[in-house]
Amino acid sequence: MPSSMRFPSVLLYAGLLFAPLLSAAELTVVSFGGANKDAQQKAYYQPFAASSGIKVLSGDYNGEMARVRAMVDSKRVSWDVLDVESPDLMRGCDEGMFEKLDYRRIIKPAELLPGAAQPCGMAAYAWSTVLAYNADKLKTAPRSWADFWDVKKYPGKRALRKGAKYTLEIALMADGVAPHDVYKLLNTPAGLNRAFAKLDQLKPYIQWWEAGAQPAQYLVAGDVVMSSAYNGRISAAQKEGGKQLQMVWNGNIYDYDYWTIPKGSPNLEAAYKFLAFVSQPAAQAEYVKGISYGVSHRKASALIDKSVLANLPTAPQNLKQGVAIDSSFWVDHGENLEQRFNAWAAR
């Protein structure tokens, strides 16, 4: 074969040889966007790129698992690391959508908080549903979900998320159930009936919310005297001037979002390097400067300013008072319970 014919083949071979190296120099990380993505950008993406030489391409999505499934099934995966909610993590892991993580390449699971190291995902951050109130509108601060139900001491409307999840857990705690016993009862017909009976007592006083921004709005406007709310939303409102909004961590309900690697990621080695980076205490302490979500490393709390730590779901004192969402319970029973809740709410 003439040399002029061989040369393109050499170039083609070289391109194939070095293609993995070129692709490994980039990493696509996809999360839910907004203020959380901004915090991730500053604490994780930019420092990781600077230290590793791996360029991070950041994207956002709205939790569309069908999109991930289509990529995996077609073997055309373009995302390397993905932020998913806990029920999606469980379902996706069972269905083979995510890589089973080799923690030897990331961190010792014992260094992470309970529940943070799952077979297909490592906790990215924790968030809580808390009792929030407007201190300017109440003479006495509420201390528990039992106070939330006390309409004589605290007259006025209350706001709850319009859905079974979180609401049923709250109702049982208001009825005196300890946080660690909530799911024992919810797993029984008697426990479910007890939760709905407790909600019956408060139903005339409930104003429902459906979007995360609504509780702070309702509280500031004086539409309600108390509300269940996502802690990050209340913290953000406080920073924007809403100092009168306060949170009660007693009985908070917390959950993790997780970092996963979609099955067939083209940059598996780089993805593992990224997970190892974001699992470190110093990186997580930097992350919470941008948003009031909890960390997953046991030693990260010691690096966080105490005034900031107090409003994080993973502060030791908040974890002690909280109940961890049982994602397996909601994966198994969520559809039926949401139907029952909607029928109850419509009555």
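Residues numbered from 1 in each chain as written. Predicted model: local features only at pLDDT ≥ 70, side-chain atom pairs only at ≥ 80, totals over all residues. Heavy atoms only, no water.

Here the focus is the overall build of the chain. A count of helical and extended segments in the chain gives 15 helices and 10 strands. Seen through its principal axes, the chain has C-alpha atoms that stretch 95 × 40 × 35 Å. In the chain, which comprises 347 residues, the share counted as buried stands at 50%. Restricting to contacts in the chain with at least 6 residues of sequence separation, those with at least 24 account for 71%. Summing over all exposed atoms, the chain offers an accessible surface of approximately 16500 Å²; the carbon and sulfur share of this is 53%. (Helix = DSSP H or I, 4+ residues; strand = E, 2+ residues; numbered from the N terminus. Buried < 20%, exposed > 50% of the residue type's maximum accessible area, 1.4 Å probe, protein only. Contact = heavy atoms within 4.5 Å. Areas by Shrake-Rupley, 256 points an atom, 1.4 Å probe, with all protein chains shown as cover.)

Further remarks concern the nonpolar core. Looking at soluble globular proteins, one finds that nonpolar side chains tend to be buried together. Among the nonpolar cores identified, the biggest contains 98 residues, and M122, L168, W259 and F274 are the most heavily contacted of them. Of the residues forming this core, the biggest block, 8 residues, is contributed by strand β5 (residues 121-134). Lining this core are residues from two domains, each supplying at least three of them: domain 1 (26-126 + 256-314) and domain 2 (127-255 + 324-346). Setting aside residues no more than four positions away along its own chain, L168 makes contact with L186, L192, A195, F196, L199, W330 and L337. One finds A159, L219, L245 and M247 within the second-largest nonpolar core, a separate group that totals 14 residues. (Core = buried A, V, L, I, M, F, W, Y, C linked by side-chain atoms within 4.5 Å. Domains from an automatic or database assignment.)

Turning our eyes to something else, we now look at the state of the cysteines. The final tally for this structure, using the stated rule, is 1 disulfide. Between the sulfur atoms of C93 and its disulfide partner C120 the distance amounts to 2.1 Å. Because the torsion about its S-S bond is 60°, the bridge between C93 and C120 counts as right-handed. Of this pair, C93 sits in helix α4 (residues 86-94) while C120 sits in the loop between β4 (117-118) and β5, placing them 27 residues apart in sequence. Note on accessibility: C93 and C120 belong to one class, buried. (Disulfide = S-S within 2.5 Å.)

Right, let's talk about the domain arrangement of the chain for a bit. If you check the domain split of the chain, you get domain 1 (26-126 + 256-314) and domain 2 (127-255 + 324-346). Once you take the C-alpha centre of each, domain 1 and domain 2 turn out to be 28 Å apart. The interface is formed by 14 residues belonging to domain 1 together with 15 residues belonging to domain 2. Both sides of the domain 1 and domain 2 interface together cover about 1200 Å² of buried area, and 55% of this is carbon and sulfur. Where domain 1 packs against domain 2, one counts 0 salt bridges. (Buried area = accessible area lost by both parts, 1.4 Å probe. Salt bridge = Lys/Arg side-chain N within 4 Å of Asp/Glu carboxyl O.)

This part is about the packing of helix α6 (residues 167-174) against helix α8 (residues 189-202). The N-to-C vectors of α6 and α8 enclose an angle of 85°; their axes lie 8 Å apart at closest approach. By the angle class used here, α6 and α8 are roughly perpendicular. Between α6 and α8, the residues in contact are T167, L168, A171, L172 and A174 and G191, L192, R194, A195, F196, K198 and L199, respectively. (Axes fitted to C-alpha atoms, helices over the stretch in contact; angles between N-to-C directions. Parallel < 35°, antiparallel > 145°, perpendicular 65-115°, else oblique.)

Following the criterion strictly, the structure yields 23 aromatic pairs and no others. Here the aromatic rings of F48 and F277 are separated by 5.7 Å at their centres, their planes lie at 65°, and the arrangement is edge-to-face. Here F48 is found in helix α2 (residues 34-52), whereas its partner F277 is found in helix α11 (residues 268-278), with 229 residues between them in sequence. Taking the relative accessible area as the measure of exposure, F48 reaches 2% and is therefore buried. (Phe/Tyr/Trp six-rings, centres within 6.5 Å; stacked < 30°, edge-to-face > 60°.)

Of all 5 residues that make up strand β3 (residues 81-85), 4 are buried, and the element is covered over most of its length. Of the strand pairs in this sheet, strand β1 (residues 26-31) and β3 are connected by 2 bridges, and their pairing is parallel. Following the sheet pairing, V29 is matched in β3 by V81. Bridge count between β3 and strand β9 (residues 245-260): 4 bridges; the pairing is antiparallel. Paired with D83 across the strands is W259, a residue of β9. (Pairing = 2+ DSSP bridges.)

So, on to the side chain of T129. Take T129: it is sitting in strand β5. Setting aside anything within four residues of it in sequence, one finds T129 in contact with Y166, I170, S228, A229, Y230, N252 and I253.

Turning to the packing of α8 against helix α15 (residues 327-346), a few remarks are in order. Look at α8 against α15: their axes get within 12 Å of each other, and the N-to-C directions meet at 30°. Relative to α15, the element α8 is oriented roughly parallel. The handedness of the crossing between α8 and α15 comes out as right-handed. Each of L192, N193, F196, L199 and D200 in α8 lies in contact with α15, whose residues at this interface are L337, R340, F341 and W344. For the contact of α8 with α15, the residue count by class is 6 nonpolar, 1 polar and 2 charged. (Left-handed = near helix turned anticlockwise from the far one by under 90°. Nonpolar A, V, L, I, M, F, W, Y, C, P; charged D, E, K, R; others polar.)

To continue, consider the pattern of salt bridges. On inspection of all chains with the given rule, the structure shows 11 salt bridges. Between E269 and R105 there is a salt bridge whose closest N-O contact spans 2.7 Å. Of this pair, E269 sits in helix α11 while R105 is found in the loop between α4 and β4, placing the two residues 164 residues apart along the sequence. Overall, the relative accessible area of 45% leaves E269 in the partly exposed class. Overall, R105 belongs to the partly exposed group, its relative accessible area being 34%. The residue D175 makes a salt bridge to R194 at a minimum N-O spacing of 2.7 Å. In this pair, D175 is assigned in the loop between α6 and α7 (182-186) and R194 in helix α8, connecting sequence segments 19 residues apart. Here D175 falls in the partly exposed class, since its relative accessible area comes to 29%. Residue classification places R194 among the partly exposed residues on the basis of a relative accessible area of 33%.

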